Amino acid sequence: MKKAIFPGSFDPITLGHFDIIQRGISLFDEVIVAIGVNAEKKYMFSLEERKLFIEKAFLNEPKVRVITYEGLTIDLCRKEKADFILRGLRNPADFEFEKAIAHTNRKLSKIETVFLLTASKTSYISSSIVRDVIRNGGDYSVLVPESVKVK
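A short tour of the structure in this document, coming up. (Residues numbered from 1 in each chain as written. Predicted model: local features only at pLDDT ≥ 70, side-chain atom pairs only at ≥ 80, totals over all residues. Heavy atoms only, no water.)

Right, let's get into the layout of surface pockets. If you add up the space inside the largest pocket, you get close to 1100 Å³. If you go around the largest pocket, you meet 38 residues; those closest to its centre are Pro7, Gly8, Ser9, Arg87 and Glu98. Mapped onto the lining of the largest pocket, the elements with two or more residues apiece are strand S1 (3–8), helix H1 (15–25), helix H3 (73–80), strand S4 (84–89), helix H4 (92–108) and helix H5 (127–135). In terms of residue count, the dominant contributor to the lining of the largest pocket is H4 (eight residues). (1 Å grid on protein atoms, 1.4 Å probe; cavity = no way out; pocket = protein on both sides within 12 Å on 5 of 7 lines; lining within 4 Å. Points joined across faces, edges and corners; volume = space filled by probe spheres on them. Helix = DSSP H or I, 4+ residues; strand = E, 2+ residues; numbered from the N terminus.)

Bringing H3 into the picture now. Within H3 the residues assigned to the buried category are Thr73, Ile74, Leu76, Cys77 and Glu80. For H3, the buried positions fall inside an angular range of 155 degrees around the axis, keeping them on one side. Taken together, the buried residues of H3 touch S1, strand S2 (30–36), strand S3 (64–69), S4 and H4. Backbone geometry just downstream of H3 places Lys81 in the positive-phi region, at approximately 55 degrees. (Buried < 20%, exposed > 50% of the residue type's maximum accessible area, 1.4 Å probe, protein only. Arc of directions from axis to C-beta. Contact = heavy atoms within 4.5 Å.)

What follows deals with the side chain of Lys3. Position of Lys3 relative to the elements: it lies in strand S1. Here Lys3 falls in the buried class, since its relative accessible area comes to 15%. Beyond its immediate chain neighbours, meaning those up to four positions away, Lys3 contacts Phe28, Glu30, Ile32, Arg65, Glu80, Lys81, Ala82, Asp83 and Phe84.

Let us now look at the pattern of salt bridges. Following the criterion strictly, the structure yields 11 salt bridges and no others. With its nearest N and O atoms 3.9 Å apart, the salt bridge here joins Lys3 to Glu30. Highlighted residues: Lys3 in strand S1 and Glu30 in strand S2, separated in sequence by 27 residues. Side by side, Lys3 and Glu30 carry an identical accessibility label, which is buried. Glu30 is the salt-bridge partner of Arg65, the closest N and O atoms lying 2.9 Å from each other. Pair noted here: Arg65 is in strand S3 and Glu30 is in strand S2, with a separation of 35 residues, a long-range link. Taken together, the shared-partner salt bridges connect Lys3, Glu30, Arg65 and Glu80 into one network. (Salt bridge = Lys/Arg side-chain N within 4 Å of Asp/Glu carboxyl O.)

Here the focus is the nonpolar core. Formed by 27 residues in total, the largest nonpolar core has its most connected members in Ile21, Val31, Val33, Ile54, Phe58 and Leu86. Contributions of two or more residues to this core are made by S1, H1, S2, helix H2 (47–57), S3 and H5. It is H1 that provides the largest number of residues to this core, a total of four residues. In contact with Val33, other than residues within four places in its own chain, are Phe6, Phe10, Ile21, Ile54, Val64, Arg65, Val66 and Ile67. Grouped together as the second largest cluster of nonpolar side chains are 11 residues, Ile32, Tyr69, Cys77 and Ile85 included. (Core = buried A, V, L, I, M, F, W, Y, C linked by side-chain atoms within 4.5 Å.)

Right, let's get into the environment of Val150. Structurally, the position occupied by Val150 is in the segment after H5. Taking relative accessible area as the criterion, Val150 reaches 33% and is therefore assigned partly exposed. The spacing of Val150 and Ser9 is 141 residues in sequence and 17 Å in space, taken between C-alpha atoms. If sequence neighbours within four positions are ignored, Val150 has contacts with Phe45, Ile134 and Tyr140.

Structure follows, in structure tokens:
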């Protein structure tokens with residue numbers, strides 16, 4: 001069984017994340033969306049809200065599982081018996097950043113990182129942009145799956 005971990009903070013999940021997960025489903029038997037917990041980071045949405053947004057977005061997709069975790073992603077991969085980390089790339093800056101992490105993960109483990117380029121229609125979207133739109137009362141609904149609702 002080919003399993004991939006798709007790690008991130010997903011604060012909130014965007015249409016870019018959604019696209020990468022959907023495309024990952026065709027490559028892997030299971031895609032585990034892993035919401036990382038960082039006690040030092042200030043999130044707009046609670047861990048429970050972020051998990052629920054993703055679960056609702058993939059309600060009818062049995063190949064997607066949503067979990068939370070702390071620590072190294074490679075340790076989570078070992079625990080979940082996943083041989084792959086799935087990452088999306090929007091631009092060259094993303095590639096440079098992600099490449100360094102992928103090389104480190106390969107040095108520390110046998111985990112392979114699989115990169116998917118984001119679709120051109122979603123490549124400009126980031127969670128930080130979505131949060132800024134929300135904070136300023138803009139129409140964020142065109143940037144996120146329908147499951148993301150602000151109170």
